[in-house]
Amino acid sequence: MKRSEAVAEAAITLLAERGMRGLTHRAVDELAGLPPGSTSNLARTRAALLELTLHRLTELEENAFAPATGDARAVLGNGASAGPFGTEGMELGDLADLLAEVLAVQLGDRRRTLARYELALEATRRPELREIYDRVGARFRDPAAALLAAAGSADPVRHGRQLVAYGEGIMFDAIAGAGVTPTIDDLRAGLREFLSGMLR
């Protein structure tokens, strides 16, 4: 593992376990088993450390989602065109199953999800981090819009935002709220209902 990855991994763990106040250069050095000053040499400012951490977190999420997003790319690459369910494009059940897999992956890694929530909140106070957060977020919102276009959405950009918001709500309720972690069958059923109301 590269030193930058070791630093970012330690930062992700610290964010998940101690929150934003627990993330310091010294704490990262200690957790990563690096000599004192190593994190400062790599990311001199707190903003630089947060940026490094966010990029690593995005990379981890993309890798974790790869099986499901690979299925999505196959659908989009096979000439799926906008059309109602049951005719052209994706079937509602297939799309719900694919999205349920993505949510299940994210729910399965509490550390990563909690760290992302910490960074999202911090981004509301740091314009420079907000810009980066929004930019990397497009790497997840854009595929959602493309999938919904293939499924027949009349307004895939708006529906894509709504779908992401729905998924975020499920994750927050399970991880930071008062809810329980849904099963994969719960996720599939909920997504079928949500997509049916949106697209039919």
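Scope of this entry: the structure provided in the associated data block. (Residues numbered from 1 in each chain as written. Predicted model: local features only at pLDDT ≥ 70, side-chain atom pairs only at ≥ 80, totals over all residues. Heavy atoms only, no water.)

Focus: the overall build of the chain
Then step 1. Assigned secondary structure in the chain consists of nine helices and zero strands.
Then step 2. For the chain, with 200 residues in total, the buried portion stands at 42%.
Then step 3. Partitioning the intrachain contacts of the chain with sequence separation of at least 6 by distance along the chain shows that 69% fall at a separation of at least 24.
Then step 4. With an accessible surface of roughly 10200 Å², the chain has 53% of that area assigned to carbon and sulfur atoms. (Helix = DSSP H or I, 4+ residues; strand = E, 2+ residues; numbered from the N terminus. Buried < 20%, exposed > 50% of the residue type's maximum accessible area, 1.4 Å probe, protein only. Contact = heavy atoms within 4.5 Å. Areas by Shrake-Rupley, 256 points an atom, 1.4 Å probe, with all protein chains shown as cover.)

Focus: the pattern of salt bridges
Then step 1. Summed over all chains, the structure comprises 15 salt bridges.
Then step 2. The salt bridge partner of arginine 116 is glutamate 61, with a shortest N-O separation of 3.0 Å. With arginine 116 in helix α6 (residues 110-123) and glutamate 61 in helix α4 (residues 46-77), this residue pair connects regions lying 55 residues apart in the sequence. Each member of the pair, arginine 116 as well as glutamate 61, is classed as buried.
Then step 3. With a shortest N-O distance of 3.4 Å, aspartate 185 and arginine 188 are connected by a salt bridge. Of this pair, aspartate 185 and arginine 188 both sit in helix α9 (residues 184-199), three residues apart, which is roughly one turn of the helix.
Then step 4. On the basis of relative accessibility, which here comes to 25%, the residue arginine 188 falls in the partly exposed class.
Then step 5. Put simply, Glu5, Glu9, Arg56, Glu59 and Arg111 are held in one network by salt bridges that share partners. (Salt bridge = Lys/Arg side-chain N within 4 Å of Asp/Glu carboxyl O.)

Here we look at the nonpolar core
Then step 1. Within the largest apolar cluster, 25 residues are counted, with the highest numbers of intra-cluster contacts made by Leu23, Val28, Leu54 and Leu119.
Then step 2. At the level of elements, α1 (3-18), α2 (25-32), α4, α6 and α7 (127-150) are the ones that each hand at least two residues to this core.
Then step 3. One finds Ala96, Leu107, Ile175 and Leu195 within the second-largest nonpolar core, a separate group that totals 22 residues. (Core = buried A, V, L, I, M, F, W, Y, C linked by side-chain atoms within 4.5 Å.)

Here we look at the packing of aromatic side chains
Then step 1. Counted according to the given criterion, the structure contains two aromatic pairs.
Then step 2. Measuring from ring centre to ring centre gives 4.4 Å for tyrosine 166 and phenylalanine 194, while their planes differ by 20°; the resulting arrangement is stacked. Pair noted here: tyrosine 166 is in helix α8 (residues 156-175) and phenylalanine 194 is in helix α9, with a separation of 28 residues, a long-range link.
Then step 3. Phenylalanine 194 gets classed as partly exposed once you look at its relative accessible area, which sits at 23%. (Phe/Tyr/Trp six-rings, centres within 6.5 Å; stacked < 30°, edge-to-face > 60°.)

Some thoughts on the side chain of threonine 58
Then step 1. With respect to the element layout, threonine 58 can be found in helix α4.
Then step 2. By relative accessible area, which is 3% here, threonine 58 ends up buried.

Some words on the environment of phenylalanine 65
Then step 1. Take phenylalanine 65: it is sitting in helix α4.
Then step 2. Here the alpha-carbon distance between phenylalanine 65 and valine 102, two residues 37 residues apart in the chain, equals 5.9 Å.
Then step 3. With residues near it in sequence (within four places) discarded, phenylalanine 65 still touches Val102, Val105, Gln106 and Phe140.

Examining α6
Then step 1. Look at α6: 20 Å from first C-alpha to last across 14 residues, which is about the 20 Å you get at 1.5 Å a residue.
Then step 2. Among the residues of α6, those classed as buried are Arg112, Thr113, Ala115, Arg116, Tyr117, Leu119, Ala120, Glu122 and Ala123. (Expected span 1.5 Å × (residues − 1).)

Quick word on the packing of α1 against α2
Then step 1. Viewed as axis vectors pointing N to C, α1 and α2 meet at an angle of 110°, and their least axial separation amounts to 9 Å. In terms of axis orientation, α1 runs roughly perpendicular to α2. Note on element contacts: α2 touches α1 through Ala27, Val28, Leu31 and Ala32, opposite Ala6, Val7, Ala10, Ala11, Thr13, Leu14 and Arg18.
Then step 2. The class makeup of the residues in the contact of α1 with α2 is nine nonpolar, one polar and one charged. (Axes fitted to C-alpha atoms, helices over the stretch in contact; angles between N-to-C directions. Parallel < 35°, antiparallel > 145°, perpendicular 65-115°, else oblique. Nonpolar A, V, L, I, M, F, W, Y, C, P; charged D, E, K, R; others polar.)

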